[in-house]
Amino acid sequence: PDIRLPNIKGDTVSLSSMRNKVVLIDFWGSWCAPCVIEQSKLAVMYKKYKNSVFTVGKGFEIYGVSLDNKKKQWQNIIKKYNINWTQVSDLKFWLSPVAKLYNIKELPFNILINGNGVIIAKNLHGDELEQAIRKILIQGN
């Protein structure tokens, strides 16, 4: 299902605006230590695959959905770790309708979708996530 939430500036950004790209929907929170640690690993993958061509999709994006409820804390982590991919939040913590819609029970949690919005993988991290990305990469790019 589509997600439409405000980014750090208050502008609504929809998941569907990233159609035709491989997208990692990253559910996280600034208060979640494993989530914060994972951000630096995601930064490496984002830089590496951002402009890649895949079997179904051109380019790689991360759509970070924060389950924070304190905007300043969320902003500080984004700034501290220089997170430069899309970050959105309704600042409703676990009461976020998106958490319910996607049945999020724990963090970090992610979903990898192809350019047609089809789920490729769920809740992969580190090397497993990178292997799933490489699997759909068109060789030579």
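To start, this report covers the structure provided alongside it.

Each value, and the rule that gives it
- Within every chain, residues take consecutive numbers counted from 1 along the sequence as written.
- Reporting of local features is limited, given that this is a predicted model, to residues whose pLDDT is at least 70; pairs of side-chain atoms are given and counted only at 80 or more, and all residues count toward the totals for whole chains, interfaces and linings.
- With hydrogens and water set aside, each side-chain value is computed from the structure's full complement of heavy atoms.
- When a carboxyl oxygen of Asp or Glu is within 4 Å of a side-chain nitrogen of Lys or Arg, the pair counts as a salt bridge.
- A run of H or I in DSSP becomes a helix once it reaches four residues, and a run of E becomes a strand once it reaches two; helices and strands are each numbered from the N terminus.
- A 1.4 Å probe rolled over the protein chains alone gives each residue an accessible area, and that area as a share of the maximum for its type sets the label: buried under 20%, exposed over 50%, partly exposed in between.
- When DSSP finds two or more bridges between two strands, those strands count as paired.
- Only the stretch in contact is used when fitting a helix axis, every axis being a line fitted to C-alpha atoms; angles between N-to-C directions are given from 0 to 180 degrees.
- Contacts are residue-level and defined by heavy atoms, with any inter-residue pair within 4.5 Å sufficient.
- For Phe, Tyr and Trp, where Trp contributes only its six-membered ring, two rings pair if their centres lie within 6.5 Å, and the inter-plane angle classes them as stacked under 30 degrees, edge-to-face over 60, or tilted in between.
- Buried and open spaces are told apart on a 1 Å grid over the protein atoms alone, a cavity being a set of points where a 1.4 Å probe fits but cannot get out and a pocket being an open set with protein on both sides within 12 Å along at least five of seven lines. Residues with an atom within 4 Å of a point are the lining residues.
- Grid points are joined across faces, edges and corners, and a volume is the space filled by probe spheres set on the points.
- Classification convention: Asp, Glu, Lys, Arg as charged; Ala, Val, Leu, Ile, Met, Phe, Trp, Tyr, Cys, Pro as nonpolar; all other residues, Gly among them, as polar.
- To count as a disulfide, a pair of cysteine sulfur atoms needs to be within 2.5 Å.
- Buried residues of nine kinds, namely Ala, Val, Leu, Ile, Met, Phe, Trp, Tyr and Cys, make up a nonpolar core once their side-chain atoms join them within 4.5 Å.

A few points about the pattern of salt bridges
When the charged atoms of two side chains lie near each other, side chains of opposite charge can form a pair.
Stage number 1. On inspection of all chains with the given rule, the structure shows 4 salt bridges.
Stage number 2. Put simply, Glu130 and Arg134 hold a salt bridge, and the shortest N to O gap is 3.8 Å. Here Glu130 and its partner Arg134 are both found in helix 4 (residues 126-135), 4 residues apart, which amounts to about one turn of the helix.
Stage number 3. On the basis of relative accessible area, Glu130 is assigned to the buried category, the value being 13%.
Stage number 4. The class for Arg134 is partly exposed, based on a relative accessible area of 41%.
Stage number 5. When salt bridges with common partners are traced through the structure, they connect Lys21, Lys50 and Glu61 into a single cluster.

Things to note about the sheet that holds strand 6 (residues 60-66)
Stage number 1. Across the sheet, which stays open at both edges, the 5 strands sit in the order 7-6-3-8-9 with mixed pairing between neighbours. Where the open sheet ends on each side, the last strands, each with one partner, are strand 7 (86-88) and strand 9 (119-122). Pairs of neighbouring strands in the sheet enclose a mean axial angle of 20°, with direction left out of account.
Stage number 2. Here strand 6 pairs with strand 7 via 3 bridges, running parallel. If you follow Gly64 over to strand 7, its bridge partner there is Gln87.
Stage number 3. Lying on the sheet, helix 4 is in contact with strand 3 (22-28), strand 6, strand 8 (109-113) and strand 9; it crosses strand 8 at an angle near 10°.

As for the packing of aromatic side chains
Stage number 1. For the structure shown, the criterion picks out 6 aromatic pairs.
Stage number 2. Taking the centre distance of 5.4 Å and the plane angle of 65° together, the rings of Trp31 and Phe93 count as edge-to-face. Taken together, the residues span a long stretch of sequence, with Trp31 in the loop between strand 3 and helix 1 (33-49) and Phe93 in the loop between strand 7 and helix 3 (97-101) at a distance of 62 residues.
Stage number 3. Grouping aromatic residues by their ring pairs yields a cluster made of Phe27, Tyr102 and Phe109.

Topic: the layout of surface pockets
Stage number 1. When its volume is computed, the largest pocket comes out at roughly 240 Å³.
Stage number 2. Surrounding the largest pocket, 18 residues form its lining, Pro1, Leu15, Arg19, Ile113 and Gly117 being those nearest its centre.
Stage number 3. Counting residues per element, the ones that place at least two in the lining of the largest pocket are strand 3 and strand 8.
Stage number 4. A per-class count over the lining of the largest pocket returns 9 nonpolar, 6 polar and 3 charged.

Concerning the state of the cysteines
Stage number 1. As enumerated under the stated definition, the model contains 1 disulfide in all.
Stage number 2. Covalently, Cys32 is tied to Cys35 through a disulfide, its sulfur atoms 2.3 Å apart. Here the S-S torsion is close to 75°, and the disulfide linking Cys32 with Cys35 is therefore right-handed.

Considerations on the side chain of Glu61
Stage number 1. Tracing the chain through its elements places Glu61 in strand 6.
Stage number 2. For Glu61, a relative accessible area of 9% translates into the label buried.
Stage number 3. For Glu61, the residues in contact, after removing those within four places along its chain, are Met18, Lys21, Val22, Val23, Leu24, Tyr46 and Lys50.

Focus on the nonpolar core
Stage number 1. Core analysis: the biggest nonpolar cluster contains 46 residues, and Ile3, Ile25, Phe27, Phe60 and Tyr63 have the highest contact counts within it.
Stage number 2. For this core, the secondary-structure elements that each account for two or more residues are strand 3, helix 1, strand 6, helix 2 (71-80), helix 3, strand 8 and helix 4.
Stage number 3. Setting aside chain neighbours within four positions, we find Ile3 in contact with Val13, Ser14, Leu15, Ile25, Phe27, Tyr63, Val65, Val98 and Tyr102.

Keep in mind that these numbers describe shape and distance, not what the molecule does.
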